[in-house]
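Chain residues, written in single-letter form:
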Amino acid sequence: MRFDYVLVGGGLQNALLTLALRDRQPGASIALVERGSHLAGNHTWSFHGGDVKAASLAWLEPLVAHRWPACDVRFPSLSRTLSQGYATIPSARVDAVVRERMAGPRGRLFAGAEAVEVRAHEVRLADGRRIEGALVVDARGPEALPTTSGRPGFQKFLGLELALARPSRLARPVIMDATVPQTDGFHFAYVLPLAEDRLLVEDTYFSDSPALDHDLLRARVHQYAVGHGFEVARVLREETGVLPMPWGGPLPRPSASPLQAGYQGGWFHPATGYSLPVAVRLAERVASVPPGAALGPALLDLARRQRGQARYARVLNWLLFCAYPPGERWHVLERFYRLPEPTIGRFYALQMTALDRARLLLGRPPRGFSVRLAWAHLQAA
């Protein structure tokens with residue numbers, strides 16, 4: 001079997017690449033390999049209004065299930081509304097839209113198929129089948145992300161989609177509520193009002209450990225919901241995640257084919273986990289080149305800019321995890337959300353300017369900064 005593109009891994013990156021290819025190269029033949037029975041797993045991806053260019057929204061929009069004109073953040077001494085807008089993409093929507101785009105003679109979905117060998121122009125499946133492609137894109141997730149230099153921090157969460165007995169008055173997302181008790185690192189709640197009587201509430205941590213106590217976090221989600229006046233009727237769905245927040249290890253470099261994409265290729269935001277803006281840019285770049293043609297200088301330039309932004313974000317991770325005690329990390333985020341909104345927007349989009357970088361680091365450090373702790377981590381490195 002031979003295709004123009006063989007995409008390994010049915011997560012967000014290759015879903016976006018499929019849509020970009022169908023938009024830019026409708027005649028291209030695409031094979032998509034996913035070891036699970038459904039695409040995109042069980043996740044909710046979100047992005048800010050300024051994260052994606054208008055030209056990309058034309059093919060991205062079918063994935064968007066919810067939009068809000070603004071979102072809120074809450075800290076012990078700061079409450080702020082960010083006006084750039086916010087949008088959410090659920091896994092179920094990704095699965096349905098990508099399956100529809102893959103229908104027909106120019107697409108083939110290999111669901112429930114595990115890739116055991118990924119080579120420059122060939123993918124071998126566990127059942128022995130071989131798939132050839134002019135370009136192979138390997139985006140099998142964060143498990144393969146190299147973190148060889150020191151232990152990374154982790155963003156971890158458990159979310160419950162809740163059906164409410166009574167309508168909620170929450171009009172817009174609360175993307176960070178750090179008024180909750182600070183345990184296991186920086187702790188915050190994340191709340192999306194999906195409908196008047198439906199919420200997604202996530203209990204989230206920037207933690208030193210990847211361990212998830214599911215029962216404890218479920219209890220905390222219910223406690224948060226009740227404490228904020230939400231009357232829970234039943235739980236509709238549960239999702240969990242553990243994402244690396246690295247500050248060490250090599251920054252991956254792009255290869256022609258197979259192209260290492262998504263998390264394992266370094267195409268994500270190390271300091272937030274908001275991978276969609278970076279994934280969209282990579283999808284656009286790959287889809288702009290005919291199959292079999294060298295991605296060349298355009299991809300190298302994109303990779304160079306991504307490496308520069310990611311390197312700086314890793315510095316921020318190191319400061320957060322290595323220079324602040326776990327219970328004091330919230331001060332760093334509270335200070336961040338006092339910055340001008342355009343700076344906040346460019347940070348999330350991973351398109352920071354030199355002035356943005358200076359604003360993030362210059363001035364008196366937030367409360368809790370520990371020279372002793374930072375030195376101890378440097379000595380142990």
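See the structure printed just above.
What counts, and at which threshold
Residues numbered from 1 in each chain as written. Predicted model: local features only at pLDDT ≥ 70, side-chain atom pairs only at ≥ 80, totals over all residues. Heavy atoms only, no water. Helix = DSSP H or I, 4+ residues; strand = E, 2+ residues; numbered from the N terminus. Rg over C-alpha atoms; globule rule 2.2 N^0.38 Å. Buried < 20%, exposed > 50% of the residue type's maximum accessible area, 1.4 Å probe, protein only. Contact = heavy atoms within 4.5 Å. Areas by Shrake-Rupley, 256 points an atom, 1.4 Å probe, with all protein chains shown as cover. Lys, Arg positive; Asp, Glu negative; His and termini not counted. Charge placed at Lys NZ, Arg CZ, Asp CG, Glu CD. Pairing = 2+ DSSP bridges. Axes fitted to C-alpha atoms, helices over the stretch in contact; angles between N-to-C directions. Polar contact = N/O pair within 3.5 Å; in protein donor to acceptor, adjacent residues only side chain to side chain. Core = buried A, V, L, I, M, F, W, Y, C linked by side-chain atoms within 4.5 Å. Parallel < 35°, antiparallel > 145°, perpendicular 65-115°, else oblique. Nonpolar A, V, L, I, M, F, W, Y, C, P; charged D, E, K, R; others polar.

Student: Run through the overall build of the chain, naming residues and quoting values.
Tutor: Each helix and strand in the chain was counted, giving ten helices and 17 strands. The C-alpha atoms of the chain give 21 Å as radius of gyration, which agrees with the globular expectation for 381 residues (21 Å, within 12%). With 381 residues in all, the chain has 54% of them scored as buried. The contacts in the chain between residues at least 6 apart in sequence include a share of 75% that link residues at least 24 apart. Approximately 16300 Å² of the chain is accessible, and the part contributed by carbon and sulfur atoms is 54%. Within the chain, one finds 45 positive and 34 negative side-chain charges whose respective centroids are separated by 6 Å.

Student: I'd love a proper account of the sheet that holds strand E12 (residues 153-164), names of residues and values included.
Tutor: Spatial ordering of the open sheet is given by E6-E5-E13-E14-E15-E12-E16, a layout of seven strands whose pairing is mixed. Each edge of the open sheet carries a strand with a single partner, namely strand E6 (78-82) and strand E16 (232-245). In this sheet, neighbouring strand axes are inclined to one another by 15° on average, regardless of whether the strands run parallel or antiparallel. Relative to E12, helix H4 (residues 214-227) is tilted by about 55°, and along the sheet it contacts strand E5 (71-75), E12, strand E13 (174-177), strand E14 (186-195), strand E15 (198-207) and E16. The strands that helix H6 (residues 296-322) touches are E12, E15 and E16; relative to E15, the one it contacts most, it runs at about 80°.

Student: Tell me about the side chain of Glu284, and please be specific about residues and values.
Tutor: Its location among the elements puts Glu284 in helix H5 (residues 276-287). Its relative accessible area of 11% is what places Glu284 among the buried residues. Within the structure, Glu284 has its side chain in polar contact with the side chain of Arg24 (distance 2.3 Å). A distance of 3.0 Å separates polar atoms of two side chains, one belonging to Glu284 and the other to Trp59.

Student: Describe the pairing of strand E10 (residues 122-125), naming the residues involved and giving the relevant values.
Tutor: With three bridges joining them, strand E9 (residues 115-118) and E10 adopt antiparallel strand pairing. Each residue of the ladder has a partner; that of Val118, found in E10, is Val123. As consecutive antiparallel partners, E9 and E10 are separated by three residues. Sheet topology places E10 next to strand E11 (residues 130-138); three bridges connect them, and they run antiparallel. Pairing of Val123 across the sheet is with Ile131, part of E11. With antiparallel pairing between neighbouring strands as the criterion, E10 and E11 make up a hairpin whose turn holds four residues, including Gly128 at a positive phi of roughly 95°.

Student: Tell me what's going on with the sheet that holds strand E4 (residues 66-68), and back it up with residues and numbers.
Tutor: Strand order in this open sheet of three strands is E3-E7-E4, and the pairing throughout is antiparallel. On the outer flanks of this sheet lie strand E3 (44-48) and E4, each paired with one strand and no other. Mean inter-strand twist for the sheet, computed between neighbouring axes without regard to direction, equals 15°.

Student: Tell me about the nonpolar core, and please be specific about residues and values.
Tutor: Leu16, Leu60, Phe75 and Tyr337 are the most contacted members of the largest nonpolar core, which totals 82 residues. With residues near it in sequence (within four places) discarded, Tyr337 still touches Val73, Phe75, Leu78, Arg80, Leu82, Ile175, Met176, Ile344 and Tyr348. Core analysis: the next-biggest nonpolar cluster, separate from the first, contains 17 residues, Leu162, Val191, Val201 and Tyr205 among them.

Student: Give me the packing of H6 against helix H9 (residues 354-361): which residues, what numbers.
Tutor: At a minimum axis distance of 12 Å, the contact between H6 and H9 shows a crossing angle of 5°. It follows from the interaxial angle that H6 and H9 lie roughly parallel. Side by side, H6 and H9 meet where Gly308, Gln309, Tyr312, Leu316 and Leu319 of the first sit next to Arg357, Leu360 and Leu361 of the second. Class assignment for the residues of the contact of H6 with H9 results in five nonpolar, two polar and one charged.

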